[in-house]
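Observations on chain architecture
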Amino acid sequence: MRIDDPRRNDLAQYDGLTDEWWQASGGFAMLHWLAAYRAGHIPPAAGPGAVLVDLACGGGLMAPHAARLGYRHVGVDLTASGLDVAARHGVLAVRASVLAVPLRDGCADVVVAGEILEHVEDDVAVLAEAARLLRPGGTLVVDAIAATRLAEVVAVRIAERVPGGPPPGIHDPRLFVDRRRLLAAADRLGLDLRLVGLRPSVRDVLAWRRGRRDVVRMRELPTTAVLFAGHGRKRDPAPPPGERTIGPARTVG
Ligand SMILES: C[S@@+](CC[C@H](N)C(=O)[O-])C[C@H]1O[C@@H](n2cnc3c(N)ncnc32)[C@H](O)[C@@H]1O
């Protein structure tokens, strides 16, 4: 498919890919690797009621990780076929847009927004939903593709031609993410967010191609110019002005 084809990023494509979600070596293989990487940045649940909200959960690939870490896994997505698959893996499925999630403020201990920011017209609106859903101190994990020429070449022009690469047409580079804008928005939204680049381990990919590994480890990189992850925490709200203390608290005798 041409890079400027208007059918790119069409949600209907996912209906034809339902059987791919849980294929460890199919077109969604890298999503399995990313799910495992994300899980490494999520703390174990503090208690039995802890909630992980998975924005654009797709087929629910975070499910085994959320269960192992002790979370109730709530998945939000617009694609009914993907949500059905996710529900079969134990995800509490909510059919909705990530731009208007029908869940209450502060309900989430963890929000995951994996491979969704580069699929929507307004990535900052998704981040705002993540910030709204998180409780103060809650954990945010995102990953996405950067708005660079290099990312267009690597993640679309090359990756779509590689056997086992992403399904052709799934990405539209016009939607790739402006990292500076994302970080500025995170700060405004009360999120401490740190970005790091990601690439699959070359050694693991070779073993995976020979059928000797199911999951390829993701390696962190200093450059975020292609695929990047964001690790964040929602800041505690500032105390009202009258309650601010200047310097250490003192006891008056
Ligand atoms: C590349 S898949 C990522 C799935 C999952 N996060 C993962 O990493 O395995 C993108 C998903 O985003 C969903 N999606 C796209 N736009 C959406 C929107 N506005 N609201 C909710 N889901 C959306 C699609 O249905 C699809 O399941």
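Structure: see above.
Computed from a predicted model, the values in this text were never measured in an experiment.

Side note on the nonpolar core
Trp21, Trp33, Ile42, Leu52, Tyr71, Leu198 and Met218 are the most contacted members of the largest nonpolar core, which has 37 residues in total. Elements supplying a minimum of two residues to this core: helix H1 (29-39), helix H2 (63-69), strand E4 (108-114), strand E5 (134-145), helix H5 (149-158), strand E6 (191-200), helix H7 (202-209) and strand E8 (227-234). With seven residues, H1 is the largest single contributor of residues to this core. Setting aside residues up to four positions removed in sequence, methionine 218 forms contacts with Met30, Trp33, Leu34, Tyr37, Leu198, Arg199, Pro200 and Leu227. Core analysis: the next-biggest nonpolar cluster, separate from the first, contains 36 residues, Val124, Ala146, Val177 and Ala186 among them.

Overview of the site of the ligand
The ligand sits among 20 residues. The nearest are Ala56, Asp77, Thr79, Val98 and Gly114. One nitrogen or oxygen atom from the side chain of serine 97 is found 3.5 Å from a nitrogen atom belonging to the ligand. Residue valine 98 places a main-chain N or O atom 3.0 Å away from a nitrogen atom belonging to the ligand. In isolation the ligand offers 600 Å² of accessible surface; the protein chains occlude 95% of this area. Taken together, the residues of the shell around the ligand sort by class into twelve nonpolar, five polar and three charged.

Overview of the sheet that holds strand E7 (residues 218-221)
Reading across from one edge, E3-E2-E1-E4-E5-E8-E6-E7 is the order of the eight strands in this open sheet, with mixed pairing throughout. The open sheet is flanked by strand E3 (92-95) and E7, the only strands paired with a single partner. Across the sheet, the axes of successive neighbouring strands diverge by a mean angle of 25°, strand direction being ignored. Note that strand E2 (residues 72-77) and E3 share four bridges and pair parallel. By the bridge assignment for E3, valine 74 is matched with leucine 92. Each of E2 and E3 is contacted by helix H3 (residues 80-88), which is oriented at about 165° to E3, the strand it contacts most.

Criteria and thresholds
- Residues numbered from 1 in each chain as written.
- Predicted model: local features only at pLDDT ≥ 70, side-chain atom pairs only at ≥ 80, totals over all residues.
- Heavy atoms only, no water.
- Core = buried A, V, L, I, M, F, W, Y, C linked by side-chain atoms within 4.5 Å.
- Buried < 20%, exposed > 50% of the residue type's maximum accessible area, 1.4 Å probe, protein only.
- Helix = DSSP H or I, 4+ residues; strand = E, 2+ residues; numbered from the N terminus.
- Contact = heavy atoms within 4.5 Å.
- Near = heavy atom within 4 Å.
- Polar contact = N/O pair within 3.5 Å; in protein donor to acceptor, adjacent residues only side chain to side chain.
- Areas by Shrake-Rupley, 256 points an atom, 1.4 Å probe, with all protein chains shown as cover.
- Nonpolar A, V, L, I, M, F, W, Y, C, P; charged D, E, K, R; others polar.
- Pairing = 2+ DSSP bridges.
- Axes fitted to C-alpha atoms, helices over the stretch in contact; angles between N-to-C directions.

Take it as geometry only, folks, not as evidence of what the structure does.
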